[in-house]
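Next come the chains, spelled out residue by residue.
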Amino acid sequence: MPKVDRRIRKSQEAIKSAVTELMAEKNFDDITLQDISDKADVSRGTIYLHYEDKYDLLDKLIDGHMNELSEICQSVSDLDWKESIIPWFTYLEHNYLFFSTMLASKGATQFRNRLVEYLSEDFKEEVHLSQARKSGLSEDVILQYVVMSYVGVVEWWLKNEMPHSPEVMSEQLGALIKMNLG
């Protein structure tokens, strides 16, 4: 993987931070490239060097976070439920502005849909092997129940400004998932 010039990386980070901060203030559809350029303190031309438009910017921002979450999942795949969830909640905590904005913003339904889709794939094998499935429940229903519960807990945690530590959330959510899939 080629090394990215520090100035390019700095500009990209400023642009990504700017769009996230702006989305916390107003609907994504109301944000202009000029707003982003002003907030990031870069020219509109700089934005166009890296992104086709604001939608491409949002897609790449979401892709980056989804890739990070995916890497976290892969790195903890051998751990039990409770231990494997701590890094997720720690990552969400460190990127609170992005995730709270994405889950609260009307313009970011695509993020929630991507999160649901990702978790559905991630939990599919667990559901297939679960006791609940063996008791005659539909795998599709179990999967939707677990994924939507997980997303709902994450949304609640972020919307309530993270009232519990990642460790407490991991313990609570891990126990609930284990109870439902055990």
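Bear in mind that the values here come from a model prediction, so they are computed numbers and not experimental data. Residue indices follow the written sequence of each chain, beginning from 1 at its first position. Selection of residues for local features in this predicted model requires a pLDDT of at least 70, selection of side-chain atom pairs for listing and counting requires 80 or more, and totals for whole chains, interfaces and linings are taken over all residues. Note that water and hydrogens are dropped before the side-chain values are worked out from all heavy atoms of the structure.

Engineer: An account of unusual backbone geometry is needed here, citing residue identities and associated values.
Structural biologist: Keep in mind that most residues, glycine aside, have a negative phi and that most peptide bonds are trans. Within the chain, E161 stands out as a residue other than glycine whose phi angle is a positive 60°. In this description a helix means any DSSP run of H or I spanning at least four residues, a strand means any run of E spanning at least two, and both kinds are numbered starting from the N terminus. On the secondary structure map, E161 appears in the loop between α9 (139-159) and α10 (166-181). With a 1.4 Å probe rolled over the protein chains alone, any residue whose accessible area is under 20% of its type maximum counts as buried; one over 50% counts as exposed, and the rest are partly exposed. Its relative accessible area of 60% is what places E161 among the exposed residues. One non-glycine residue, M162, lies in positive phi territory at about 55°.

Engineer: Tell me about the confidence of the model for the protein chain, and name the residues and values.
Structural biologist: Taken residue by residue, the protein chain gives an average pLDDT of 87. The fraction at 70 or more is 93%. Taken element by element, the predicted model of the protein chain shows its lowest mean pLDDT in helix α8 (residues 131-134) (68) and its highest in helix α2 (residues 33-40) (96). Within a predicted model, pLDDT stands for the predictor's per-residue confidence, ranging from 0 to 100.

Engineer: So what about the packing of helix α7 (residues 109-128) against α9? Which residues, and what values?
Structural biologist: Across the interface, α7 lies against α9 with an axial gap of 9 Å and an inter-helix angle of 130°. Comparing their axes, α9 and α7 come out oblique. As for how α7 packs across α9, the hand of that crossing is right-handed. Contact residues: R112, L115, V116, L119, S120, F123, K124, V127 and H128 in α7; E139, I142, L143, Q144, V146, V147, M148, Y150, V151 and E155 in α9. Between the N-to-C directions of two axes lies an angle of 0 to 180 degrees, each axis being a line fitted to C-alpha atoms and, for a helix, fitted only over the stretch in contact. Reported orientations rely on four angle classes, namely roughly parallel under 35 degrees, roughly antiparallel over 145, roughly perpendicular from 65 to 115, and oblique for the rest. When the near helix sits turned anticlockwise from the far one by under a right angle, the crossing is termed left-handed; a clockwise turn instead gives a right-handed crossing. By definition in these notes, contact holds between two residues if any of their heavy atoms fall within 4.5 Å.

Engineer: Explain the side chain of K54 residue by residue, including any values.
Structural biologist: Looking at where K54 falls in the secondary structure, it is placed in helix α4 (residues 54-75). It is D29 that comes nearest to the buried, bridge-free K54 among opposite-charge side chains, at 5.0 Å. A distance of 2.9 Å separates a polar side-chain atom of K54 from the backbone oxygen of F28. Discounting chain neighbours no more than four positions away, the residues touching K54 are F28, D29, D30, I31, L33 and I36. A residue counts as positive if it is Lys or Arg and as negative if it is Asp or Glu; His and the chain ends are not included. In the sections that follow, a salt bridge refers to a side-chain nitrogen of Lys or Arg positioned within 4 Å of a carboxyl oxygen of Asp or Glu. We call two N or O atoms a polar contact when they sit within 3.5 Å, provided that within protein one can donate a hydrogen and the other can accept it, with sequence-adjacent residues counted only if both atoms are side-chain atoms.

Engineer: Which residues make up the pattern of salt bridges, and what values go with them?
Structural biologist: Within the structure shown, the criterion is met by eight salt bridges. E21 serves as the salt-bridge partner of K39, at 3.7 Å between the closest nitrogen and oxygen. Placement of the pair is K39 in helix α2 and E21 in helix α1 (residues 6-25), with a sequence separation of 18 residues. For K39, a relative accessible area of 37% translates into the label partly exposed. Overall, E21 belongs to the partly exposed group, its relative accessible area being 32%. One salt bridge connects K39 with E25, and the closest N-O pair in it is separated by 3.3 Å. Note that K39 is positioned in helix α2 and E25 in helix α1, a separation of 14 residues in sequence. Residue classification places E25 among the exposed positions, given a relative accessible area of 54%.

Engineer: Hey, could you go over helix α5 (residues 81-94) for me, with residue numbers and the actual values?
Structural biologist: An α-helix turns once per 3.6 residues; consequently, residues spaced three or four apart project the same way. In a regular helix each residue adds 1.5 Å, so 14 residues correspond to 20 Å; α5 covers 21 Å between its end C-alpha atoms and thus fits that length. When α5 is considered as a whole, its buried residues turn out to be S84, I85, W88, F89, Y91 and L92. For α5, the arc enclosing every buried residue in end-on projection is 155°, short of the 170-degree limit, so these residues lie on one face. Elements in contact with the buried residues of α5: α4, α6 (96-104), α7, α9 and α10. Each helix should span, by expectation, one fewer than its residue count multiplied by 1.5 Å. Taken from the helix axis, the directions to the C-beta atoms give the arc we talk about.

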